[in-house]
Amino acid sequence: MALTPGTRLGPYEVVAQIGVGGMGEVYRATDTKLKRQVAIKVLPQSLATDAERLARFQREAEVLASLNHPNIAHIYGLEDADGTKALVMELVEGPTLDDRIAQGAIPVDEALPIAKQIAEALEAAHEQGIIHRDLKPANIKVRADGTVKVLDFGLAKAMEPPGTMSPSVSQAPTITTPAMMTGVGMILGTAAYMSPEQARGRAVDKRADIWAFGAVLFEMLTGQRAFGGDDVSEVLSRVLQREPEWTTLPSGLSPTLIVYLKRCLHRDLKQRIGDIHDVRLALEGAFETAAPQTATQAAPAPASKLPWAVAAGLAVLLVVASGALWRATQPTAAAATTRVSITVPANRPVSLEGYPKRSLAISPDGTQVVYVSTNLDAPANRPGGPGQLQLRSLASLAVRDLPGTTGANQPFFSPDGQWVAFFTSTGELKKISLAGGDPVTLAQKINGSGVSFGVWTEDNNIILGKNSVSGLLRVSAEGGEPTDLTTFDAGDELAHTFPTLVPSSRAVLFTVRTTGNAHRIESVMPDSGTRSVVLENARVPVVLSSGHLLFQRDETVLIAPFDATRLSVTGPAVPLIDRIRSDSLVSPYPAAELAVSRNGTLAYLPAADTAGALDLVGRNGAFQRLGPPPNNFARPRVSPDGRAIAYMVANGQDSEVYLYDVLRGSTTKVTQDSRDDGFAWHPDGRSLAISSTRKDAAGIFLKSLGGGERLLVPLPAGVSSIRNFSWAPDGTQLAYTVQTALQHDIWVLTMSETPTSQAFLKSAASEHSPTFSPDGRWLAYVSDESGRTEVYVQKYPQGERLAVSIDGGVDPVWRRDGKELYFQGQVDGVPKMIAVTVTPDGASLRLAKPVPLFGLRVTGPTGVVEQYARGGNGGAGYDVLPDGRFVMNRRPDPTGTREIVVVQNFFEELKRLVPTK
């Protein structure tokens, strides 16, 4: 039956129809109890009235509901209201894979990660004895963050009449042959993805899913169906008799993967791959090894005139000698590339706090890994910062702390592997001997604005890059004053970061960050200072001794052949298939967490799901999920009337503004194809001020929600970003943060026919995060003038200033009535939301003692520790509703990861992926 918007099915209120298919009609609905968006699938009438089939469906749905996998859309339950049977499921936003393929073949580097997630979903279901039976691109969705969700898992089987087997048939034309008809004569799938045994109406097992997977993968890679045709009979004929057009597969596809793909689509069940687990391993490159060469060597006949023992002995010697001679003249078989996962103790994960950074390093000989660990058992006893260095030998299970390294970050090895250098959170560059002893200080206050990695040269110098303030610096590994290695050559340069050495050369490659968050890789000769551009639109270089350059473009890690003599890339770049962690929520220019040894061992932190959820949180910390579905949320802002929430979604190097209607549960995209750094609601609630970088302009825009926008002020030269907006209550002035290469300052824009801007707070300290009080008489902000970030309020436009926080704080937000001011800080080392009561006192304010409300680390619905995001100088990661509740972004705890992956003989894999000749 068709449902209209507003129809109630139990606690679910229908919003709109979003799909129609053989399995029923699908609607978006609001769960009025849990305040979340769901998908409601109304079951076909024939099923809803068949008691036996409905009971069977109930049993099957219970099994399907037990599936708990990030790549499978979840089933929440069954609802029966006024005779309407409905299945309640997770609402998955984003296009289907069918929509994506309609745009053309998917590049290999994009298709394989999607295929791997589909395989992981099938693997999890098959382990529970559940077969999809209707896998096709239309049943697969790809979210904006790249997460794949497989829909309708097992529903084909659940909807069958008992004792029948309903093969999947076409979405479009109805199949009327007896073998293809179900008990209700409806269409349950797509003929193009049916296995031969399904097409013949025979019993199927998980190998039918493997066939469908192969058909889906083929279509992703070629943009064409493996078994096409103008009608169902032609399609089924091709399924039963013809091979796909294998010559249409992309030329760069691994030969091993082609073999596995062909085995997925083998008509003989005994010859088809029997477990999707094997396909998933192939997609991960587990079988990409060179086949050892073999030969048969005939033994010489024994001499008949010699005694048999002597003859036998000579025969043995001849066999051994001839075998040795054969081995000496044959090419050596390539060593196999192997992947090993190292699990670190649960209470000592690898730290992911701070940026830009790398948390791990590997010794030049590839035998030892050093990483920054977080001690979760002693959060209050880390005066130097969140981490301590731990050393793990790959030849044993031994793990040991490096003494005196509390607060360490950015570790890297000396060329001989005997020392580890690192930076401290208090500003020093240090080194420590692995043979023992205390750390040695090499330089003081070298990373006041954030060091982005260092490298130790063969001539015993250390070269390091900074996130801002200067170019590359050089300091002796024996200690001394740092000197400039590079300086800014152009007005748009903001930082020189991530230096790397070029083997067999004195050259250094590094990243140049420019305005608009653009990057390029350059080289510099330390002796002469001569610079040249190596690669545009690229960053974070790592030069490998195999003759390759590893670098990042956005968040993708790429590998290209590299000429170390000419300092140039000599061929096309290929994406690294391994999913490596790189948190765009932590940094606007994240670095992949990896390290490569001189002899070809790769160590990295595997990618993790960083998608967050928006929550409504009470003063006691109790929270409930607020739609929309999980995403890379940032900086939620509540509209003046409290009926809508604007927020940003980070997607690679882009970040765009969305609008969520709290009452209707709908989501609208506000900006398109831009990188937005900050925004604020205008007091009229009908427009937003947005700091944005577009293809044709950059600056502060006033965006009307009804359509149209205008540029208020362009991005000034030398300014990397504008953030932290706050309107005065009368809408005449807009306060914001300006970030330059040197610091953060607070400016105010005055609205007029031609808006004007001027500095409000500009000093040697960094001031940011301005927010007007509801009456417009005070401005709260954050400053580090005391040596740590604290929250202050100042009379506006000038006058008295008061300290709000006592022991550090960020992200000030006023309550709507101005009677409280909130910020985020720490209590005994634990992150907390903190409130300060504000009372007018004549022309001044009386501020009460800060009171902690609730912790920022919580246990999520799945039992995993998660964290409410902090905004820092990028803007508060929360806002306050008119009723006093908080809107907060809850996401996986960034404190650390508990896995390190080590890839041995990594260079052998590179020879296959990216030949250098």
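Owing to the predicted nature of the structure, the values given are computational and were not obtained by experimental measurement.

About the cut-offs
- Residues numbered from 1 in each chain as written.
- Predicted model: local features only at pLDDT ≥ 70, side-chain atom pairs only at ≥ 80, totals over all residues.
- Heavy atoms only, no water.
- Helix = DSSP H or I, 4+ residues; strand = E, 2+ residues; numbered from the N terminus.
- Contact = heavy atoms within 4.5 Å.
- Buried < 20%, exposed > 50% of the residue type's maximum accessible area, 1.4 Å probe, protein only.
- Core = buried A, V, L, I, M, F, W, Y, C linked by side-chain atoms within 4.5 Å.
- Salt bridge = Lys/Arg side-chain N within 4 Å of Asp/Glu carboxyl O.
- Pairing = 2+ DSSP bridges.
- Axes fitted to C-alpha atoms, helices over the stretch in contact; angles between N-to-C directions.
- Parallel < 35°, antiparallel > 145°, perpendicular 65-115°, else oblique.
- Left-handed = near helix turned anticlockwise from the far one by under 90°.
- Nonpolar A, V, L, I, M, F, W, Y, C, P; charged D, E, K, R; others polar.
- pLDDT = per-residue confidence, 0-100.
- Phe/Tyr/Trp six-rings, centres within 6.5 Å; stacked < 30°, edge-to-face > 60°.
- Lys NZ or Arg CZ within 6 Å of the ring centre and 35° of its normal.

Participant: So what exactly am I meant to see when it comes to the side chain of Thr-147 here?
Facilitator: Tracing the backbone shows Thr-147 in the loop between β7 (140-142) and β8 (148-150). Among residues more than four places away in sequence, those in contact with Thr-147 are Pro-70, Asn-71, Gln-117, Lys-141 and Val-142.

Participant: What am I meant to see in the environment of Phe-422 here?
Facilitator: The topology assignment puts Phe-422 in strand β16 (residues 419-424). By relative accessible area, Phe-422 is classed as buried at 1%. Along the primary structure Phe-422 and Thr-441 are separated by 19 residues, whereas in three dimensions their C-alpha atoms are 9.8 Å apart.

Participant: Sorry, what's going on with the nonpolar core here?
Facilitator: Generally speaking, nonpolar side chains in soluble globular proteins are found buried as a group. Ranked by size, the top nonpolar core spans 55 residues in total, and within it Leu-97, Ile-118, Leu-135, Phe-153, Phe-213, Met-220 and Leu-283 carry the most contacts. Elements with a minimum of two residues in this core: α3 (97-101), α4 (108-127), β7, β8, α7 (206-222), α8 (232-241), α9 (255-264) and α10 (276-283). Take this core: its biggest share by element is 10 residues, from α7. Excluding anything up to four places from it in sequence, Leu-135 contacts Ile-118, Leu-122, Ile-140, Val-150, Tyr-193, Asp-209, Ala-212, Phe-213 and Val-216. Among the nonpolar cores identified, the runner-up in size contains 18 residues, and Leu-550, Leu-594, Val-596 and Val-903 belong to it.

Participant: Can you help me understand α10 in this one?
Facilitator: Every α-helix winds through 3.6 residues per turn, so residues three or four apart in the chain are directed the same way. Among the 8 residues in α10, 6 count as buried, and that is most of the element. Considered for burial, the residues of α10 that qualify are Ile-276, Val-279, Arg-280, Leu-281, Ala-282 and Leu-283. Where α10 terminates, the next one or two residues include Gly-285, which has phi positive at roughly 85 degrees.

Participant: I would appreciate a short explanation of the pattern of salt bridges in the present structure.
Facilitator: A side chain of one charge can pair with a side chain of the opposite charge if their charged atoms are brought near each other. Applying the stated criterion across every chain yields a total of 34 salt bridges. Where Glu-493 meets Arg-520, a salt bridge forms, and the shortest distance between an N and an O atom there is 3.0 Å. With Glu-493 in strand β23 (residues 493-501) and Arg-520 in strand β25 (residues 518-524), this residue pair connects regions lying 27 residues apart in the sequence. Comparing Glu-493 with Arg-520, the two get one shared label, buried. Linking Arg-815 and Asp-817 is a salt bridge whose minimum nitrogen-to-oxygen distance equals 2.9 Å. Judged by relative accessible area, which is 23%, Arg-815 ranks as partly exposed. Taken together, the shared-partner salt bridges in this structure form one network comprising Lys-116, Glu-120, Glu-123, Arg-280 and Glu-284.

Participant: Any chance you could explain the sheet that holds strand β9 (residues 338-343) here in plain terms?
Facilitator: Within a sheet, neighbouring strands are paired by backbone hydrogen bonds and run either parallel or antiparallel to one another. Here 4 strands make up an open sheet; going across it, the order is β9-β62-β33-β32 and the pairing antiparallel. Looking along the sheet, the strands with just one partner apiece sit at the ends: β9 and β32 (594-596). Within this sheet the neighbouring strands show an average axis-to-axis angle of 15 degrees, counted without direction. Sheet analysis places strand β33 (residues 602-604) next to strand β62 (residues 899-904), joined by 3 bridges and oriented antiparallel. If you follow Ala-603 over to β62, its bridge partner there is Val-902.

Participant: Quick question: what am I supposed to make of the sheet that holds strand β46 (residues 744-750) here?
Facilitator: Read across the open sheet, the 4 strands follow the order β44-β45-β46-β47; overall the sheet is antiparallel. Of all the strands in the sheet, the pair left with one neighbour each is β44 (719-727) and β47 (756-761). The sheet shows a mean angle of 35 degrees between the axes of neighbouring strands, direction not considered.

Participant: Please clarify how the packing of α9 against α10 should be interpreted in this entry.
Facilitator: Two packed helices can be described by the angle between their axes and the distance between those axes. With their axes 10 Å apart at the nearest point, α9 and α10 run at an angle of 155 degrees to one another. If you check the angle between α9 and α10, you find them roughly antiparallel. Here the hand of the crossing between α9 and α10 comes out left-handed. Residue-level contacts link Leu-257, Tyr-260 and Cys-264 of α9 to Asp-278, Val-279, Ala-282 and Leu-283 of α10. Along the lines of polarity and charge, the residues of the contact of α9 with α10 split into 6 nonpolar, no polar and 1 charged.

Participant: Is there a simple way to think about the confidence of the model for the protein chain in this case?
Facilitator: As a note on interpretation, predicted positions should not be read in detail where pLDDT is low. Residues of the protein chain with pLDDT of at least 70 account for 81%, and the chain-wide mean is 81. Across residues 290-332 the pLDDT falls below 50, and counting only partners more than four positions away or on other chains, this stretch makes 16 contacts in the model.

Participant: Just to check I follow, could you spell out the packing of aromatic side chains for this structure?
Facilitator: Any two aromatic rings considered together are summarised by their centre-to-centre distance and by the angle between their planes. Here the structure, examined in full by the defined rule, presents 15 aromatic pairs. Between the aromatic rings of Phe-218 and Trp-246, the centroid separation amounts to 5.8 Å while the plane-to-plane angle is 85 degrees, which identifies the pairing as edge-to-face. Remark: Trp-246 occurs in the loop between α8 and α9 and Phe-218 occurs in helix α7; sequence separation between them is 28 residues. The same class applies to Phe-218 as to Trp-246, namely buried. An aromatic cluster is defined as three or more aromatic residues linked by ring pairs; in this entry it consists of Phe-623, Tyr-822, Phe-854, Tyr-868, Tyr-878 and Phe-886. A cation over an aromatic ring shows up here: Lys-431 above the ring of Trp-419, its NZ or CZ 4.5 Å from the ring centre.

Participant: Would you mind going over unusual backbone geometry with me for this structure?
Facilitator: Peptide bonds are trans in most cases, and residues, glycine excluded, mostly fall at negative phi. Cis peptide bonds are those with omega within 30 degrees of zero, and the linkage from Tyr-796 to Pro-797 qualifies with 10 degrees. With respect to the helices, strands and loops of the structure, Pro-797 is situated in the loop between β50 (790-795) and β51 (801-803). For Arg-133, which is not glycine, the phi torsion reads 75 degrees and is therefore positive. Among the secondary structure elements, Arg-133 is positioned in the loop between α4 and β7. One non-glycine residue with positive phi stands out, namely Phe-498, at about 50 degrees.

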